[in-house]
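Structural description and commentary
As a plain string of letters, each chain reads:
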Amino acid sequence: MEFSRVVGTRRSIRFFKSWKPVEREKIQVMFEAANRASRSMNADYFRAIAVNRDDLDAETRDALRNPTTTADLDLAPTYIFWYIDLEYVAGAQDRLKELVEQHALPAAHGWSKAYVDDFLWPQVLEPISKDPNAVIFMGAVETGIGICNAINAAVDQGLGTCMHAFTANEAIKPLLGVPDTWLPVWMQLVGYPAEEPEAGGQRPRRPLSKIFFEGDCRHPWEEDAEVTEHLKREGMIQAPGPFPYRAQEVRMLSRMYGLPE
Amino acid sequence: MTGSRGANGAGGASDGPPPVDLGQFAGSPAVQRWLDQTGGGGDPAERGRALQLLQRFCSFRGTSPDDLVAQCLRATKSGDTAISAVGRRATDEAITAFVATEGLAGHEAIALGNRLRGFLIHNGIFLQGPASIT
């Protein structure tokens, strides 16, 4: 799938084919996409555990359930638990010098091994590593970038996915062997959509002029109509929801799974 | 309870759907809201079954539909109304316990419990039950 169409086709999928497992190779593609994401310090901010629903014992599955997250867990065949590794700063000094050696961080832009060793590490990065708020803030931002790549990789492979609040970490921590230094961020549900991939049409978004600006905050971004039309042809901008049959689609899926209507 | 036109004495020409006979639930804002949100509760027979189910659950809990919703809410220190995690969990567990008394199994049992959850959901209580996947 072309990039524009991947971005345009992404939806939060909430009805999965509960009976159809996700191939392990597709999860690997998602992980590789996340691993290729932009990250400062070339640090490994996140950790993720892929778990197949049907490989979990009843105790673990029940530990994940709560009154607001139960049907989701039944429907999705694969869960990915995303964490920030709060120790991500460790090793940043060596990783940055490695990037200097690769000319990714060149002298042309002020970088040197001496700068990393003598200033950046002792005066900036090491203090950041001791500031919990900064560690969590940076970790959350950078983990989100990685997850975004994983989401798009899922869509590119015909999978559906949805991010869910991850509130059961304490319950499953010992069962999954999660270290104390991992902070839960999101639980990602993955599977094949039982609903149409369009899931009733593209979700409403506010115009670019409400969110983006040009030059300063007083000048909202003005869309170029030709670009907008191009993006419609390429699939980034798609038919808005709800499709006329969306309510019926949801009703029939709900009945199939015995869910509330 | 079935909400038929005859039962309401509302026969004859009408521009909208027939009025719903809520029976003992007449005057219950929570029931009315539920029916409004679900398009009148479907066809009259389906609506009648749904109301009877709610009636049985209310009897099981010894409470009214409006109190069922209220039990899932709490007042915050600032005077706002919030969903009570404790109350919601207790109600969710009560639904599971009630379904066990209905003599159903499998998909039918799950769907029955979720129909009751739907009543709470359409009254603003975010709640999920199990899905029938086997």
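These remarks concern the structure in this document. Just so we're clear, the structure is a prediction, and the values are computed from it rather than from any experiment. (Residues numbered from 1 in each chain as written. Chains lettered and ligands numbered in written order. Predicted model: local features only at pLDDT ≥ 70, side-chain atom pairs only at ≥ 80, totals over all residues. Heavy atoms only, no water.)

**Considerations on the packing of helix H2 (residues 29–37) of chain B against helix H6 (residues 106–121) of chain B**
All names here are of chain B. In plain terms, the rule: Only C-alpha atoms enter the line fits that serve as axes; for helices the fit covers just the stretch in contact. Angles between N-to-C directions range over 0 to 180 degrees. Here a helix means four or more residues in a row that DSSP labels H or I, a strand means two or more in a row labelled E, and each is numbered from the N terminus. The scheme is simple: roughly parallel for angles under 35 degrees, roughly antiparallel for over 145, roughly perpendicular for 65 to 115, oblique for anything else. Any two residues having at least one pair of non-hydrogen atoms within 4.5 Å are treated as being in contact. Under the convention adopted here, Pro, Cys and the residues Ala, Val, Leu, Ile, Met, Phe, Trp and Tyr are nonpolar, Asp, Glu, Lys and Arg are charged, and Gly plus all remaining residues are polar.
Relative orientation of the contacting elements H2 and H6 amounts to 105°, with a least axis distance of 8 Å. It follows from the interaxial angle that H2 and H6 lie roughly perpendicular. Within the contact between the two elements, H2 uses Ala-30, Val-31 and Trp-34 and H6 uses Arg-115, Gly-118 and Phe-119. Classifying every residue of the contact of H2 with H6 gives four nonpolar, one polar and one charged.

**Considering the pairing of strand E3 (residues 160–164) of chain A**
Along any regular strand, the residues point their side chains to alternate faces of the sheet. All names here are of chain A. Put simply, the rule reads: Buried means the residue's accessible area, taken with a 1.4 Å probe over protein chains only, is under 20% of the maximum for its type, while exposed means over 50%, and partly exposed covers the values in between. Pairing between strands is defined by DSSP: at least two bridges between the two strands are required.
Burial within E3 is extensive, with four of its five residues counted as buried. Of the pairings in the sheet, the one linking E3 to strand E4 (residues 182–191) comprises five bridges and is antiparallel in character. Of the residues in E4, the one forming a bridge with Met-163 is Gln-188.

**Here's the deal with the sheet that holds strand E2 (residues 78–85) of chain A**
Residues and elements named next belong to chain A. Taking strand neighbours across the sheet as the criterion, the four strands line up as E1-E2-E4-E3 in an open arrangement whose pairing is antiparallel. With partners counted over all chains shown, the strands left at the sheet margins are strand E1 (46–52) and E3, one partner each. Strand-to-strand, the axes of this sheet are offset by a mean angle of 25°, without reference to chain direction. Along the sheet face, helix H7 (residues 132–156) touches E1, E2, E3 and E4 and points at about 155° away from the line of E2. Across the sheet, helix H8 (residues 169–176) lies against E1, E2 and E4, angled at about 95° from E2, the strand it touches most.

**Re the interface of chain B and chain A**
Formally: Here the quantity called buried area is the accessible surface, traced with a 1.4 Å probe, that two parts lose on coming together, added over both. Any pair of N or O atoms that falls within 3.5 Å is considered a polar contact. Within protein, one atom must be able to donate a hydrogen and the other to accept it, and sequence-neighbouring residues count only if both atoms are side-chain atoms.
If you look at the interface, chain B gives 19 residues, while chain A gives 19 residues. Summed over both sides, the interface of chain B with chain A buries roughly 1400 Å², with 57% coming from carbon and sulfur. Contact with chain A buries surface across chain B, with Gln128(B), Ala131(B) and Ile133(B) losing the most and accounting together for 41% of the total. Linking chain B with chain A are eleven residue pairs in polar contact (both at pLDDT 80 or more). Going through the elements one at a time, helix H5 (85–100) and H6 of chain B are the ones with two or more residues in the side of chain B that touches chain A. Counting residues per element, the side of chain B that touches chain A draws most heavily on H6(B), which supplies seven residues.

**Structural notes on the side chain of Thr60(A)**
For Thr60(A), the location among the structural elements is in helix H3 (residues 58–64). Apart from the residues within four sequence positions on either side, Thr60(A) is in contact with Ile172(A) and Leu175(A).

**Some points on the side chain of His164(A)**
Residues and elements named next belong to chain A. Summarising the element assignment, His-164 is placed in strand E3. Separated by 3.5 Å, the side chains of His-164 and Asp-72 make a polar contact. The contact partners of His-164, leaving out residues within four places of it in the chain, are Asp-72, Trp-186, Met-187 and Leu-189.

By themselves, these figures tell us nothing about what the structure is for.
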